[in-house]
Amino acid sequence: MTALQSVQTLELRREVRRFLSEERARGTVLGRPDSWLTGWHPEFSRRLAERGWVGMALPKEYGGGGLGFLARVVVIEELLAAGAPVSAHWVADRQAAPSILNHGSEEQKKRFLPAIAEGRCFFSIGMSEEQAGSDLASVQTRAERVAGGWRLTGTKKWTGGAHCNDYAIVLARTSEHEDRHQGLSQFIVDLRAPGVRVEPIRLLTGEHTFNYFHLDGVEVPDGMLLGKEGDGWAQVTGELAFERSGPERYLSTFPLLVAVVRELSDKAATADQQVRLGALMARLYAVRQLSLGVAAALDEGRPADVQAALVKDLGTRLEGELVHEVRRILPVAADAGATPGTYPELLALALLHTPAYTLRGGTNEILRGIITRAVEHKEQQS
Amino acid sequence: MSIPQQLARVRTAGCTAGTGSAAGSAPLTEDTFVARPLAERAELALREGPLTYCLATGLVIRWAHPAVFHVGPAGTMGDDAALRVCGTLPRVPGARGATVLVAAQGPGGPVLFPVDPARTSVETGANLAGEPRDTLHLSDYQVPAELARPVTPELLSEFELRAALSRAALMAGAAQRCVQLTVAHTATRIQFGRPLGHFQAVKQEEARLIEESALVGAAVEAAGEALERLGAEARFEVAAAKAQASASVAEIARIAHQLHGAIGFTELSELRLATTRLWSWRDEDGDEAYWSARLGRAALTQRPEQLWSLLTGAN
Ligand SMILES: Cc1cc2nc3c(=O)[nH]c(=O)nc-3n(C[C@H](O)[C@H](O)[C@H](O)COP(=O)(O)OP(=O)(O)OC[C@H]3O[C@@H](n4cnc5c(N)ncnc54)[C@H](O)[C@@H]3O)c2cc1C
């Protein structure tokens, strides 16, 4: 990745590191695993935005940095490796912004993009439902035409951050077709609109990020249809390349590795500990290179869906393996009640989040299907 | 040709190795990517013919003409640079038909010198893929002064990195071959009235194979760029690439064979040409434990906050 070694990117990386050490001193950046899921800190998000590190890839005319994906990757990988609390703006920056940029009306772009880049406008993803998990095309939330807009009815499930964000992008059925992939549309829904009701679903840790997101006849004006009516499926699948390949697909548990190295550095590490630690480093290195390859492809506007699926399966499996391997390197009883930031507490947090890594963003089993289909197709053509 | 370009060729050689395709001959890689560039760097004028290499440990090397009145920090000094060598060069690739470029610790520091197998006792052998791996026994082998080159530790280190990375690139090629053969097999082999690739269980395993192979390829490619840019300083990147290439072998070979069924276990299929090489190459030029231990030590000798800098290669 020669582009990543350019003087500008190295300088940017240093700048982020300086910022992070200030924030560490301030007590905001605490090396927490999975901080992009549960590290909700709007003031921190705004401080990032002030430095131009939210909406970096957006064009300048919409308040962005006009910097492309690689610059964004440099910043977010630094943030994730440091376990910084980035979940407030995460979905807005990663997903909603490129979606609105690609499919949104001029009015939507002017209204949302600068606000996202200022760290003032946070988004949720309203895709999954009770009956629509892996089989997303079976969503039952409906949007009916009413005067001047649409009325949405249904219940989204697993909607992260719906209780504290500003908007959600909701996938809903706008018409019936033989092919279920037709007749789906996306809407930008104000999470404070009348008819929206958010009900918590607690994680197995007791943390609250998930919700039922009920839409009881929520009226959405015409201007909040995102993209074209009926194009929802293509839009959603287009988003997924952004969602699947980034550093959050292999770095979620990296802060735990830093913690174990901290523990080991006061002691004389055994040969076995060195080898196991080194093997994790090798795999992290390799997955990172693949992930950077996807960022470079997205930067150049090349399709990267399959590569993204590949990165996500490898990377998220590694996130889980890292936890179990770290436990083998330095055995300790994971303890969620231990002092925050100590090794047993971080181990507990990373461990209790392991089920999520290979499920969110499309399960790994579904991704593997995408990978084999594409390779078989290529093989048939050659 | 740049290092990444050369490595792309090495990878192709690894993909076609053993298939009779012209590009696929491993000793060529030992010559072109490792031994020859380093001999040239050290300005060693070697006689014509193919080269191979050995990074030797445990040799007894002494001055051929010691100056007994001249005792320095490294023991007696030589009257000239000529050396006498005793010991074993184990499992050298293709040594029976090539000059062996040896790198070792000499009496006054690292040295590079050629060994002519005809003047040694050669014990022929082979790796699991049947590639020649010959052990040379040197008993008082004489190296004339003009062929013994004291070299810098950096050159020695680059020698080792080139050896490991070219091996990893060969492995990336062989892994790619496993993918090609497996995808072709699952697309054409019919069971239960359908191609194997139609079944979920097969898809799931095949995807893991594709991923593991891509992982090795990405690590090798990135390490090649690092070696081009940093030379002997690309220690971390090359170690990661070889550690990962070796570590991925078990999974790659397991899945490729499992999805081939019985035929892959026989001479009726070409799969063995790739998998037996992978099983051998993972041990050659340092196995995953050797390179992982280096990475682990590197991680533990700096402050924990530096772990990420080590991975990104940016300070
Ligand atoms: C931490 C986390 C955050 C999330 N955040 C959001 C969010 O903000 N917004 C949102 O809309 N959704 C969110 N989701 C939901 C997520 O997208 C779904 O969990 C995911 O799509 C899988 O659906 P499911 O949980 O219903 O599992 P199911 O689809 O019921 O799958 C169960 C198991 O069966 C396997 N399976 C299913 N179908 C197949 C098949 N055809 N072949 C092989 N295996 C199959 C799956 O791989 C899985 O292992 C989140 C999920 C998690 C874990």
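Residues numbered from 1 in each chain as written. Chains lettered and ligands numbered in written order. Predicted model: local features only at pLDDT ≥ 70, side-chain atom pairs only at ≥ 80, totals over all residues. Heavy atoms only, no water.

## A look at the overall build of chain A
- A count of helical and extended segments in chain A gives 13 helices and 8 strands.
- In terms of overall size, chain A behaves like a compact globule, its C-alpha atoms giving a radius of gyration of 21 Å where 382 residues would be expected to give roughly 21 Å.
- Each principal axis of the C-alpha distribution contributes one length, and for chain A these read about 70 × 55 × 40 Å.
- Out of the 382 residues in chain A, the part that is buried amounts to 57%.
- Restricting to contacts in chain A with at least 6 residues of sequence separation, those with at least 24 account for 73%.
- When the accessible area of chain A is evaluated, it comes to approximately 15,200 Å², of which 52% is carbon and sulfur surface. (Helix = DSSP H or I, 4+ residues; strand = E, 2+ residues; numbered from the N terminus. Rg over C-alpha atoms; globule rule 2.2 N^0.38 Å. Buried < 20%, exposed > 50% of the residue type's maximum accessible area, 1.4 Å probe, protein only. Contact = heavy atoms within 4.5 Å. Areas by Shrake-Rupley, 256 points an atom, 1.4 Å probe, with all protein chains shown as cover.)

## With respect to the sheet that holds strand S10 (residues 149-150) of chain B
Residues and elements named next belong to chain B.
- The 4 strands lie next to each other as S1-S6-S7-S10, forming an open sheet whose pairing is mixed. Two strands in the sheet have a free side with no partner beyond their single neighbour: strand S1 (51-55) and S10.
- Running at roughly 115° to S1, helix H3 (residues 153-188) makes contact with S1, strand S6 (99-106) and strand S7 (109-115) of the sheet. (Pairing = 2+ DSSP bridges. Axes fitted to C-alpha atoms, helices over the stretch in contact; angles between N-to-C directions.)

## Topic: the interface of chain A and chain B
- In this complex, chain A contributes 46 residues to the contact, which on the side of chain B involves 44 residues.
- Around 4,200 Å² of area is buried between chain A and chain B when both sides are counted, 67% of it from carbon and sulfur atoms.
- Linking chain A with chain B are 3 salt bridges, by the criterion used here.
- Residues B:Glu211 and A:Arg317 are paired through a salt bridge, measuring 2.7 Å at the closest nitrogen-oxygen approach.
- Mapped onto the side of chain A that touches chain B, the elements with two or more residues apiece are helix H1 (7-26), helix H4 (68-81), helix H8 (254-265), helix H9 (271-299), helix H10 (305-329) and helix H13 (364-381) of chain A.
- With 15 residues, H9(A) is the single largest residue contributor to the side of chain A that touches chain B.
- Looking at the side of chain A that touches chain B residue by residue, the class counts come to 24 nonpolar, 8 polar and 14 charged. (Buried area = accessible area lost by both parts, 1.4 Å probe. Salt bridge = Lys/Arg side-chain N within 4 Å of Asp/Glu carboxyl O. Nonpolar A, V, L, I, M, F, W, Y, C, P; charged D, E, K, R; others polar.)

## What to know about the sheet that holds strand S5 (residues 83-93) of chain B
Residues and elements named next belong to chain B.
- As summarised here, the arrangement of the 4 strands in space is S2-S5-S9-S8, forming an open sheet in which the pairing is antiparallel. Two strands in the sheet have a free side with no partner beyond their single neighbour: strand S2 (60-63) and strand S8 (121-123). On average, each strand axis in the sheet is inclined to that of its neighbour by 15°, with strand direction left out of account.
- Relative to S5, S2 is paired through 4 bridges, and the arrangement is antiparallel. Along S5, the bridge assignment pairs Arg62 with Arg84.

## Some words on the environment of B:Gly264
All names here are of chain B.
- For Gly264, the position within the fold is in the loop between helix H5 (235-260) and helix H6 (271-281).
- Overall, the relative accessible area of 2% leaves Gly264 in the buried class.
- With sequence-adjacent residues up to four places away left out, Gly264 is seen in contact with His257, Ser269 and Leu271.

## Digging into the UniProt feature "domain: Acyl-CoA dehydrogenase/oxidase C-terminal" (unreviewed entry) in chain B
- The positions that UniProt labels "domain: Acyl-CoA dehydrogenase/oxidase C-terminal" (unreviewed entry) are, in the present scheme, residues 165-271 of chain B.
- The distance from the first to the last C-alpha atom of residues 165-271 of chain B is 23 Å, and the span holds 77% helix and 4% strand. (UniProt positions renumbered as here; feature names shortened; annotations may be inferred.)

## Description of the UniProt feature "domain: Acyl-CoA dehydrogenase/oxidase C-terminal" (unreviewed entry) in chain A
- Sites flagged by UniProt as "domain: Acyl-CoA dehydrogenase/oxidase C-terminal" (unreviewed entry) map to residues 273-375 of chain A.
- Structurally, residues 273-375 of chain A is divided into 76% helix and 0% strand, and its ends, taken at the C-alpha atoms, are 38 Å apart.

## Notes on the pairing of S7(B)
Residue and element names in this part refer to chain B.
- Burial analysis of S7 places 7 of its 7 residues in the buried class, which makes it a mostly covered element.
- For S6 and S7, the ladder comprises 7 bridges, and the chain directions are antiparallel. Looking at S7, one finds that Gly106 is bridged to Gly109.
- From the end of S6 to the start of S7, which pair antiparallel, there are 2 residues.
- When S7 meets S10, the two strands line up antiparallel, connected through 2 bridges. Looking across to S10, one finds that Leu112 is bridged to Arg149.

## Topic: the site of the ligand
- Neighbouring residues of the ligand: 15 residues in total, closest A:Ile125, A:Ser128, A:Ser134, A:Thr363 and A:Glu365.
- One finds residues of chains A and B in close proximity to the ligand.
- A distance of 3.4 Å separates a nitrogen atom of the ligand from a polar backbone atom of A:Trp158.
- Residue A:Gly160 places a main-chain N or O atom 3.1 Å away from an oxygen atom belonging to the ligand.
- Protein chains bury 65% of the 960 Å² of accessible surface belonging to the ligand in isolation.
- A class-by-class count of the residues in the shell around the ligand yields 7 nonpolar, 6 polar and 2 charged.
- Viewed by domain, the shell around the ligand spans two of them, domain 2 (124-231) and domain 3 (245-381) of chain A, each represented by three or more residues. (Near = heavy atom within 4 Å. Polar contact = N/O pair within 3.5 Å; in protein donor to acceptor, adjacent residues only side chain to side chain. Domains from an automatic or database assignment.)

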